[in-house]
Amino acid sequence: MEGGKSFVRRDRLLEIEAKARTWWEEKDVFRAEAGEKRPEPGEKFFGNFPYPYMNGFLHLGHAFSLSKLEFAAAFHRLRGANVLLPFGFHCTGMPIKASADKLAREVKQFGDPPVFPTEVEEQPGEEPEPEDPNGGEPASAVKFKGKKSKAASKSSGQMYQWEIMQSFGLSDSEISKFQNPYNWLSFFPPLAMEDLKAFGLGCDWRRSFITTDMNPYYDNFIKWQMRKLKAMGKIVKDVRYTIYSPLDGQPCADHDRASGEGVLPQEYTLIKMEVVSPYPPKLSSLEGKKVYLGAGTLRPETMFGQTNAWVLPDGKYGAFEINDEEVLIITHRAALNLAYQNFSKVPEKPTCLVELTGYDLIGLPLKSPLSLNEIIYALPMLSILTDKATGIVTSVPSDSPDDYMALHDLKSKPAFRAKYGVKDEWVMPFEIIPIIDVPEYGDRSAEKVCNDLKIKSQNEKEKLAEAKRLTYMRGFYEGTMLVGEFAGRKVTEAKPLIRSKLIEIGQAIVYSEPEKRVMSRSGDECVVALTDQWYITYGEPEWKKLAEDCFSIMNLYSDETRNGFVKTLGWLNQWACSRSFGLGTRFPWDEEFLVESLSDSTIYMAYYTVAHILQNGDLYGSGSSSVKPEQMTDEVWDFVFTGGPYPSSSDIPSSILHKMKQEFEYWYPFDLRVSGKDLIQNHLTFCIYNHTAIMSKNHWPRGFRCNGHIMLNSEKMSKSTGNFRTLRQAIEEFSADATRFSLADAGDGVDDANFVFETANAAILRLTKELSWMEEVLEAEASLRTGPLSTYADKVFANEINIAVTLTEQHYGNCMFREALKTGFYDLQAARDEYRFSCGAGGMNRALVWRFMDVQTRLITPICPHYAEYVWREILKKNGFAVRAGWPTADSPDLTLKAANKYLQDSIVLMRKLLQKQILGSKKANKKGAPVTSLTESNLKGLIYVNEQYDGWKEECLKILQSKFDSRNRSFAADQEILDELKSSSVAQATNFKQVQKLCMPFLRFKKDEAVALGSQALDLRLPFGEIEVLSENLDLIKRQLGLEQVEILSGTDPDALAKAGSLVSLLNQNPPSPGNPTAIFLTI
């Protein structure tokens, strides 16, 4: 008992899980051995999962993605396939090193163990670290801005690194050791293995490994891969713009980022707008230097139409020294970016000569490149963003709606000018200069669109955004230049030419910055740097074509995933693959650099096939092995993985070489890789590229299945709010199988899924109650009916089992595990409950009950393997293991029988409602047996009238629809054609046709919709089963369900049967029965 709540049921599941794991371990059930020859399709299944980052405990986000692979692998194992599910641990990259360094800084500042101050001092530029979508529970959290007490720190989830380590249950003496980053590699992977074993992961743990140079075998493997790519010309050294962490002193790739994954450099043209001398007093110290306002623009071709420059009055700017002669006035943020792009007198350190605000810049006279106005002025604009581009904006009111309205406001509002000290001569003489002709909008497109949208002020943001959308795209793609040396050329042609010329003559420079804010895991805001480093040449045309060929034949399970890959293949270009900070493998030809974490994880799935041979089951590759790391030469790797010649110079025994090659050839290609959808834009696409470069086509990946993130109880998973669970916590709280059950129920698509605690708790109850039911049934087995299946209920239940087997196999095969849970457990349980009730005093059939227990156990095995294993061995007393029991056999589902049973159940529900109304004495008319007088609850008799075939006008309508229905496309002829046919039919000859037509129209609409949904059988004149036969065969069930003494099933077309209704026959005339809709009348005996 905890807090008054009993945990007996959960604890029973935990006990069962411990037993099942012992049974599996004793027989090494999940050990995967390669066959002697290549497997036929379906004989083997190799699935894998992006190895998680080892800077903390695994959480439910990992478990959700991993469960998709685990369920799929377990399904294939159950069906008899030879299954390989390996699991590695990623340690490459920055996070571990960054966290270790933070610990070291805390120890240096606060002691060992540290004594933290009551208040946390402000740490400029550092922010909390969001969760790594492919990493562990973040063990790297940085201190926060502002001053907060430690209590506030903890409640907001932003803690010292030492405190985070304490939350893992570590003592102070243990924590101190984590200043060494390699201690993390020794600590967290074994804990993750423990948790995954408790989860029931069907893994061959012999093949597990960690990355980095701590594992000499994997380190050797990655060096071979890098040499291979370089020899093929796919790794080059180049100077390129890249997202860069100044604090780390190296590029910051996606997995090095705390936020901003997927953000790329955004390139601008920085226009040098020369400040005309003499300079105002604030700039007097700059006399003798050339001073420019630096305006970032994406449209250099519009510079002919400049009327002014815009500055933010309250914005903070600086005059930064670019070289000995030139000074740029821009924001500090832009200056920092430029300093890493070789535009600073001191490289990587912007030199600010004068601190400025926008007020200091208003009224500066400027000579701007290409402007048809000789002198323009800097003017105030209140909507400038100083975290975008340079904080200085050129004004082109002919083509920019924002510029047009801002200039309009300045001209029309003297008070506005006066507020910012703007002189009339800076504004009033400047008119729109037509520079581009845009179809439909003319040569003053901004003015035209603003007038059309009735925009009155620069403050109408939504309307201006719409105006910008209308003018910018149209102007760029369809506009024609009217001025300059490229007049008459299309804007799309002129733009690059004008830009190149401006840069060539020194009137502009290239400026790049992150398109959105990026924070590194070390806590600093990233810039764009021009770096000389190693790149992988993704996007190269021939290589891209191979990647597209691979992608086109893969099973991606959803259109959303496929579209994600199409988009990524469209934009992905050279990728910076080298780092100088962190853990990992060093480039074999340039040991100054490490291979970054997304580049050492692209073909490691192949390494799983030989890891157990090389590392002999040792996670770190440090144990005894018959192969030494240095023996794995490039020639050996080529022989094993790429079809290279036998390495005759190798001293590795031939038997081992051939064994490694056999393992690879047997298991490859992998059949399925499961991942979060966020990895499409990098890791998964890199995986495709690298396989096509290094592997032969028959070894290219076969399938990726991507899923969304997981929410907990419909809210985002977040440690700071407490809405968070590690995998270990979930297993302790719910048990492994209840956790797995809820993960399966959480969702299957690429949208975010939802893990509901109540579902997990309900699973505990369902599973334990089912155990009790099976135990009770088998204790009383002698009371079960023996012999062949003889009753209608027997046949229906046997059919439901066949349906469950068939549908659940389809759902598992399509990786739709929520659907598999529904058809293989929920629906099957409901069918069992219905069967149990339907059998009544006759009891259930013994053989059928045994079949149900057998089938249900097998169908739930992939999702709840511990529970299934226990049932298999302890309750059903079967030999072998449930996880290898084989998929249950089943006859083809009888869909007619299923439809007949649905008809029966629906009819009983309808009759119960009608009876209840009569018993309550309802006077409200009802089309199915409206009562005339009240009834008592005893001594009741039911007359159920059935008409098994449509007749009269309904028959005629159905025949018309049959003739007008295209069964292949499930579509009908035009409504008018159907109506014309009706008017020429026998129905139209009736004297009351107008009245009948009013009934025909809704009937025709209903049947049309039904046929589109169900197919042509919806237009049949009778149901595919005999209604009277079904109801007559279940008289006892109907009587028990409705509490009737007597029931008669009668034909609605038999005069003698109608006579039995007596005075209530009028109800039958008003509401005659029709196929699928019997009419019930209730009488007191």
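Criteria and cut-off values
- Residues numbered from 1 in each chain as written.
- Predicted model: local features only at pLDDT ≥ 70, side-chain atom pairs only at ≥ 80, totals over all residues.
- Heavy atoms only, no water.
- Helix = DSSP H or I, 4+ residues; strand = E, 2+ residues; numbered from the N terminus.
- Buried < 20%, exposed > 50% of the residue type's maximum accessible area, 1.4 Å probe, protein only.
- Contact = heavy atoms within 4.5 Å.
- Lys, Arg positive; Asp, Glu negative; His and termini not counted.
- Charge placed at Lys NZ, Arg CZ, Asp CG, Glu CD.
- Expected span 1.5 Å × (residues − 1).
- Pairing = 2+ DSSP bridges.
- Axes fitted to C-alpha atoms, helices over the stretch in contact; angles between N-to-C directions.
- Core = buried A, V, L, I, M, F, W, Y, C linked by side-chain atoms within 4.5 Å.
- Parallel < 35°, antiparallel > 145°, perpendicular 65-115°, else oblique.
- Left-handed = near helix turned anticlockwise from the far one by under 90°.
- Nonpolar A, V, L, I, M, F, W, Y, C, P; charged D, E, K, R; others polar.
- Patch = residues over 30% accessible without salt bridge, like charges linked within 9 Å, V, L, I, M, F, W, Y side chains within 5 Å.
- Areas by Shrake-Rupley, 256 points an atom, 1.4 Å probe, with all protein chains shown as cover.
- Salt bridge = Lys/Arg side-chain N within 4 Å of Asp/Glu carboxyl O.

## Regarding the overall build of the protein
Phase 1: Tallying secondary structure elements over the protein gives 36 helices and 35 strands in all.
Phase 2: Its C-alpha atoms put the protein at 115 × 85 × 65 Å along the principal axes.
Phase 3: Residues classed as buried in the protein amount to 56% of the 1085 residues present.
Phase 4: Sequence-distant contacts in the protein: of pairs separated by 6 or more residues, those separated by 24 or more amount to 76%.
Phase 5: One way to put it: in the protein the 128 positive side-chain charges average out to a point 3 Å from where the 144 negative ones average out.

## Overview of helix α8 (residues 216–231)
Phase 1: A rise of 1.5 Å per residue sets the reference length of α8, with its 16 residues, at 22 Å; its end C-alpha atoms lie 22 Å apart and thus fit the reference within 8%.
Phase 2: Among the residues making up α8, those that are buried are Tyr217, Tyr218, Asp219, Asn220, Phe221, Ile222, Trp224, Gln225, Met226 and Leu229.
Phase 3: Looking one or two residues past α8, Gly233 carries a phi angle of roughly 80 degrees, positive in sign.

## Some points on the sheet that holds strand β2 (residues 82–84)
Phase 1: Sheet architecture is open: four strands sit in the order β2-β1-β26-β27, paired in parallel fashion. The outermost strands of the open sheet, each flanked by one partner alone, are β2 and β27 (704–707). Taken over all neighbouring pairs, the strand axes of this sheet differ in orientation by 20 degrees on average, direction set aside.
Phase 2: Pairing geometry for strand β1 (residues 44–48) and strand β26 (residues 672–676), over two bridges, is parallel. Bridge pairing in β26 places Gly47 opposite Leu672.

## A word on the pairing of strand β21 (residues 527–536)
Phase 1: Within β21, eight of the ten residues are buried, leaving the element largely enclosed by the surrounding structure.
Phase 2: Pairing of strand β5 (residues 235–245) with β21 involves ten bridges; the strand directions are antiparallel. Counted as the bridge partner of Val236 is Tyr535 from β21.
Phase 3: In this structure, β21 lies alongside strand β22 (residues 575–576), joined through two bridges in antiparallel fashion.

## Notes on the nonpolar core
Phase 1: Formed by 126 residues in total, the largest nonpolar core has its most connected members in Phe87, Phe89, Trp184 and Phe755.
Phase 2: By size, the runner-up hydrophobic cluster in this structure holds 72 residues, among which are Leu572, Met605, Tyr668 and Ile694.

## Details of the packing of α8 against helix α18 (residues 604–615)
Two packed helices can be described by the angle between their axes and the distance between those axes.
Phase 1: Contact pair α8 / α18: the axes reach a minimum separation of 11 Å and the direction vectors enclose 140 degrees. Considering their axes alone, α8 and α18 lie oblique with respect to each other. The two elements α8 and α18 cross, and the hand of that crossing is right-handed. Every residue of α18 that contacts α8 at Tyr217, Tyr218 and Phe221 is listed here: Tyr604, Tyr607, Leu614 and Gln615.
Phase 2: For the contact of α8 with α18, the class distribution of residues is six nonpolar, one polar and no charged.

## Side note on a negative patch on the surface
Phase 1: A contiguous patch of negative charge, built from Asp559, Glu560, Asp751 and Asp752, is present on the exposed surface.
Phase 2: With respect to the helices and strands, Asp559 occurs in helix α17 (residues 559–571).
Phase 3: Here Asp559 falls in the exposed class, since its relative accessible area comes to 58%.

## Section: the environment of Ala780
Phase 1: The residue Ala780 is located in the loop between α24 (757–779) and α25 (792–813) in this model.
Phase 2: Spatially, the C-alpha atom of Ala780 lies 55 Å from that of Phe965, the residues being 185 residues apart in sequence.

## Quick notes on the pattern of salt bridges
Phase 1: As enumerated under the stated definition, the model contains 67 salt bridges in all.
Phase 2: Asp28 is the partner of Arg31 in a salt bridge, and the nearest nitrogen-oxygen pair spans 3.5 Å.
Phase 3: Overall, Asp28 belongs to the partly exposed group, its relative accessible area being 39%.
Phase 4: For Glu770, the salt bridge goes to Arg832, with nearest N and O atoms at 2.9 Å. Residue Glu770 is found in helix α24, and its partner Arg832 is found in helix α26 (residues 817–839); the two are separated by 62 residues along the sequence.

## A few points about the sheet that holds strand β28 (residues 710–712)
Phase 1: The strand order β29-β28-β30 describes an open sheet built from three strands, whose pairing is mixed. Lying at the two open borders of the sheet, with one neighbouring strand each, are β29 (715–716) and β30 (753–755).
Phase 2: Here β28 runs beside β29; their pairing, made up of two bridges, is antiparallel. The partner of Leu712 across the bridge, within β29, is Glu715.

## Examining the environment of Arg469
Phase 1: Assignment of secondary structure puts Arg469 in helix α14 (residues 461–478).
Phase 2: Take Arg469: its relative accessible area is 49%, and that puts it in the partly exposed class.
Phase 3: Separated by 33 residues in sequence, Arg469 and Leu502 have C-alpha atoms that sit 27 Å apart.

## Some thoughts on the packing of helix α31 (residues 975–983) against helix α32 (residues 993–1014)
Phase 1: Contact geometry for α31 and α32: axes closest at 12 Å, N-to-C directions at 140 degrees. Here α31 lies oblique to α32, going by the angle between them. Seen along the crossing, α31 lies across α32 with a hand that is right-handed. For the pair α31 and α32, contact is made by Asp975, Ile978, Leu979, Leu982 and Lys983 and by Phe993, Gln997, Cys1000, Met1001, Leu1004 and Lys1008, respectively.
Phase 2: Here the contact of α31 with α32 is composed, by residue class, of seven nonpolar, one polar and three charged.

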